[in-house]
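Commentary on secondary and tertiary structure
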Amino acid sequence: MATEQPKAGISGRGPVLDRLNRSSDFGKHEGAKWFFLGLLSLIRRINYDPVLLFFLMLIAAIGLVAGYSASDQSVIWVEKSAFRFALAFLLMLAIAQVPQRFFFAIAPWLFGFVVVLLVAVHLFGDVGKGAQRWLDLGFIRFQPAEILKLGMPMMLAWFLARRPLPPRFLDVVIALILVAVPTVLIVMQPDLGTAILVMTAGLFVLFFAGLSWWYVLGFVLAISAAAPLMWFYVMHDYQKERVLTLFNPMADPLGAGYHTIQSMIAIGSGGIWGVGWLQGTQSHLNFLPEGTTDFILAVYAEEFGLMGLILLFGLYLAVIWRGLYIAAYAESTAGRMLAAAISMTFLVYVFVNAGMVIGILPVVGVPLPLMSYGGTALVTIMIALGMLMSIRTQRSFLGHER
Amino acid sequence: MSIREAIRDAHINRAYDRRLNDRHLSRQIFRRRVLLAALIALLVFTVLLWRAAFLQVDRHEHFSEMAENNRTRTLVIPPERGRIFDDGGRVVADNVATYQAQIVPEDADDLKRELSMLQQVLKLDDDTLHDLKERIKFGRSFDPILVKSDLTPVEMAKLAQLQPWLPGVSVESSLKRVYPYRQLLAHVVGYVGRINVADLKRINADLYQGTQYIGKSGIEREYEDVLHGKPGFKTVEVDAVGRVVKVLKVVPPVAGQDIHLTLDVPLQGIAAAALGSYSGAVVAEDPTTGAIKAMVSRPSFDPNLFVDGISHKNYQALLNDPERPLFDRAITATYPPGSTIKPVMALAGLQYGFLDPNKKFFAGPYFQIPGDKHHYRDWRKWGHGWVDLDQAITQSCDVYFYDLAYRMGIDPMHAFLTEFGLGRKTGIDLPGESSGLVPSPEWKRKTKNLPWYPGETVIAGIGQGYMLTTVLQLAQTTSILAESGKRYRPWLVASNKDKEPSIELKSPSFWNDVRHGMFDVINSPHGTARRIAAPYLIAGKTGTAQVFTVAQNASYNAKDLAKKLHDHAVFIGFAPYDDPKIAVAVMAEHGGSGSGTAAPVARRVMDYYLGFEPKKTVKMEFVKHGD
């Protein structure tokens, strides 16, 4: 086993602390000295990945800048949003302190609990926006499916890590059943966006578990064959409409194609350098539906142009690559699979949202991580990123304890 | 160690190795797959950026244009229509602010409560309220929706009082075309109405964006270009639902020009009152300028009915009225001129040498074409005896003019009357003018494919038969007679004054021969219109236009005939004789005799125009008939 190498910036006693200790100024201010020392030791002790944190905060900052414009320059919106981001980052850091074995310990229980809840949603669910997604527990309304975006890769990573790898045929079948049952339940709600995210998260774990290429090829063929069946038996009319609209948005410019067209107009009018911050007209004039949520990328692309998109996509790519790097060097089998699956799910988020906004994917309600204004989605993403950091930093944490 | 043991150990070692190998292998696979995933991520972002570049670089211009169209709307500000004034500066077509209550549904706190309040305050019936609710349902929530138009001051006051409880309800003003003199000037001034498909074909639609009204008849139509003005534009920024966010640019409209008519409303009122219950027309013209001072056509209608769209019931009533109030009897209707053509015939006879003004002619009870048994009878059964030209005009001697016409023939007659302006439009600035008709053998062959009969020449000599004139043409003829050949095109708008070439006769004295005959019509004891002799000197000519032909041996008895079959009464005249200031033509349908019915009408008009009638009575009559 590789020996643990503590990272200098995180756990080593830095020159700053030494200087503070030596500083004569603190002789007069004992309280302040202890406060700073306490704070620094806390920062030193908490586990986090500075590279990931840096890129995430940059994206969040861009999200606030774009949101300020999209919200018609509402300072209140920015304050609320910044507060949410702060809470979300705190949540992420809190999760990062949790030992990763805890995630896998609760994984089967969480998974089972949510599947039961999904069934409950079908029986007692609250009808919101024409879809049965919400479960009202009296004090809080939440979407059980949302939990599965994390619960699914956790469950599969836990399960596959206990089996010989690469997975044997029987294990693959069991894993596929674990993926299929909740996915079907979510599709029936109907919530295609969440179902796609949950399913891909599970399949990514299988992929990283070393699934034989023959199986991968088999999946691709099976999905190709299933697509027409989905079209005729599973998908709802509004979902079909969105798909059809994708191929010809101009067929119904004020109906189904409206979102796509308005979004493409906003992006296209941005050009290479954009029309400038706060200068975007499409978003400010309500042409863009949900400018601060699902379609915030269009607002951003109009104002900052292609160059802005290159920057933003570069940051997302950096986050994903960092996540894959963490996975590649993670110690535990379950941890590395989970880390890789989380990174790729993050990619799916960005791709589905951006693809919808630039008009190459149908309109599906998937938010853009750290840019879209939204409650539960942000919480899920930040918990996932917290897990990623936990997986990254656990080695140094454990090494310290030893 | 036995072989068996050695084999077992080897098995165990191999299994251990394989487990180690498996772990190693799965890690190798994992790292390869992570690398693959990293490449997939790169590929995904490349695809996204490639697509974004396509939108933002290749199609940038296209989408920029679409964005611009998305964003700005051009709203039209319609111009204010020019007003129309009479000669005395009275407004005859006005723009009056009317007030309407409207509601913006999204601004209302409690729409249901507010609607029931509005129903009470504005006394809306249930149907109206139902209709209003429908319009609110299907309209856009931020667009004002009309609740009631033409609010009374009381209703406006109530709404103002209830304003705090009626958020979203507002009172807006708009301009409505109003004709204060209603029926009096309906045919001349005309009216405006909503633009329809037929109108769209004759106008530049760009100039009429946002305009409600367009001139449909009369001056309103003729001077549409002047009155309408030019619309202004407001470029505004709107959001996706069409709500105005910001005004970017305003080009103010250019209001239409006001028009001043030559008409005098009180004179018009006098003329209308003088005509009384007769259908017909009165046209008064200033012979020295061609200015039309009065132009009455009765019965009339209220043009205000047409402004905001006439109801089907009202329109049917107007169309089915046997008196045909919409028909303009001054310029569109044509009548046989009857004896009023005789002065012109006399001039033709003098001009072409068929008459010696002093030569006496024996006029018996009838005229016969040589070799024909038909009797062309005189209006006076016993005839007029020996008459010269002056007496022939004074007594309206039919036989004298039968003889003249027969000797002259139709062609010179046609030529002279046409030269005089009959049989063609006077060119007045009104739409719908008829040209009338001066018959000729050529015309008859063309339209009826029949030869011309000499008898038709004979009756044409007294203005019967095919000959047709408008009342305006009669007034114009009178003006030319009054001015001894000088003429102006009749005109309604003060700023225009078109002189037309004068009529030159072989001897200027011919004019006076005829004019003096007309003078004696009123001022000699034998004149047909001697009863209208006035303190000033009037010259004129009476006439009757035959509605039906009396059988050869029957006599004409007015009392026995239904009013419908009475002859039309005609009179033309000008005054003062020595310095003509006014020329009048009167046509009273089924009025019986020109002297008894039409001449007094002209007298009243002249009296007023020349200041011989006190203003007070005028006012009374004007109110009664003008309204």
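Residues numbered from 1 in each chain as written. Chains lettered and ligands numbered in written order. Predicted model: local features only at pLDDT ≥ 70, side-chain atom pairs only at ≥ 80, totals over all residues. Heavy atoms only, no water.

**Digging into the overall build of chain B**
Across its full length, chain B holds 22 helices and 21 strands. Buried residues in chain B amount to 49% of all 627 residues. The contacts in chain B between residues at least 6 apart in sequence include a share of 71% that link residues at least 24 apart. (Helix = DSSP H or I, 4+ residues; strand = E, 2+ residues; numbered from the N terminus. Buried < 20%, exposed > 50% of the residue type's maximum accessible area, 1.4 Å probe, protein only. Contact = heavy atoms within 4.5 Å.)

**A closer look at helix α12 (residues 258-270) of chain A**
Residue and element names in this part refer to chain A. Its 13 residues give α12 an end-to-end C-alpha distance of 19 Å, which sits within 8% of 18 Å, the value for a rise of 1.5 Å per residue. In terms of burial, α12 is a largely internal element, 12 of the 13 residues being buried. All of the buried residues in α12 are Tyr258, Thr260, Ile261, Gln262, Ser263, Met264, Ile265, Ala266, Ile267, Gly268, Ser269 and Gly270. In the segment just after α12, Gly271 is the residue with positive phi, at about 70°. (Expected span 1.5 Å × (residues − 1).)

**Examining the nonpolar core**
Counting residues in hydrophobic clusters, the biggest one holds 128 residues, and the most contacted among them are Ile219(B) and Met295(B). There are two domains that each give this core at least three residues, and those are domain 2 (75-260) and domain 3 (265-320 + 327-626) of chain B. Among the nonpolar cores identified, the runner-up in size contains 120 residues, and Leu53(A), Met92(A), Ala298(A) and Phe346(A) belong to it. (Core = buried A, V, L, I, M, F, W, Y, C linked by side-chain atoms within 4.5 Å. Domains from an automatic or database assignment.)

**Some thoughts on the interface of chain B and chain A**
Often, the extent of an interface is quoted as the loss of accessible area upon association of its parts. Contacts between the two partners involve 37 residues from chain B, matched on the other side by 54 residues from chain A. In this assembly, chain B and chain A are joined by 0 salt bridges. There are 12 residue pairs in polar contact (both at pLDDT 80 or more) connecting chain B and chain A. Looking at the side of chain B that touches chain A, the elements with two or more residues in it are α1 (3-58), α2 (60-71) and β8 (232-238) of chain B. The biggest single contributor to the side of chain B that touches chain A is α1(B), with 25 residues. For the side of chain B that touches chain A, the class distribution of residues is 24 nonpolar, 5 polar and 8 charged. (Salt bridge = Lys/Arg side-chain N within 4 Å of Asp/Glu carboxyl O. Polar contact = N/O pair within 3.5 Å; in protein donor to acceptor, adjacent residues only side chain to side chain. Nonpolar A, V, L, I, M, F, W, Y, C, P; charged D, E, K, R; others polar.)

**Brief notes about the packing of helix α3 (residues 111-122) of chain B against helix α5 (residues 153-161) of chain B**
Residue and element names in this part refer to chain B. Put simply, α3 and α5 touch, their axes get as near as 10 Å, and they point 150° apart. For α3 against α5, the interelement crossing comes out right-handed. Only Glu155, Lys158 and Leu159 of α5 make contact with α3, whose side of the interface consists of Leu118, Val121 and Leu122. For the contact of α3 with α5, the class distribution of residues is 4 nonpolar, no polar and 2 charged. (Axes fitted to C-alpha atoms, helices over the stretch in contact; angles between N-to-C directions. Left-handed = near helix turned anticlockwise from the far one by under 90°.)

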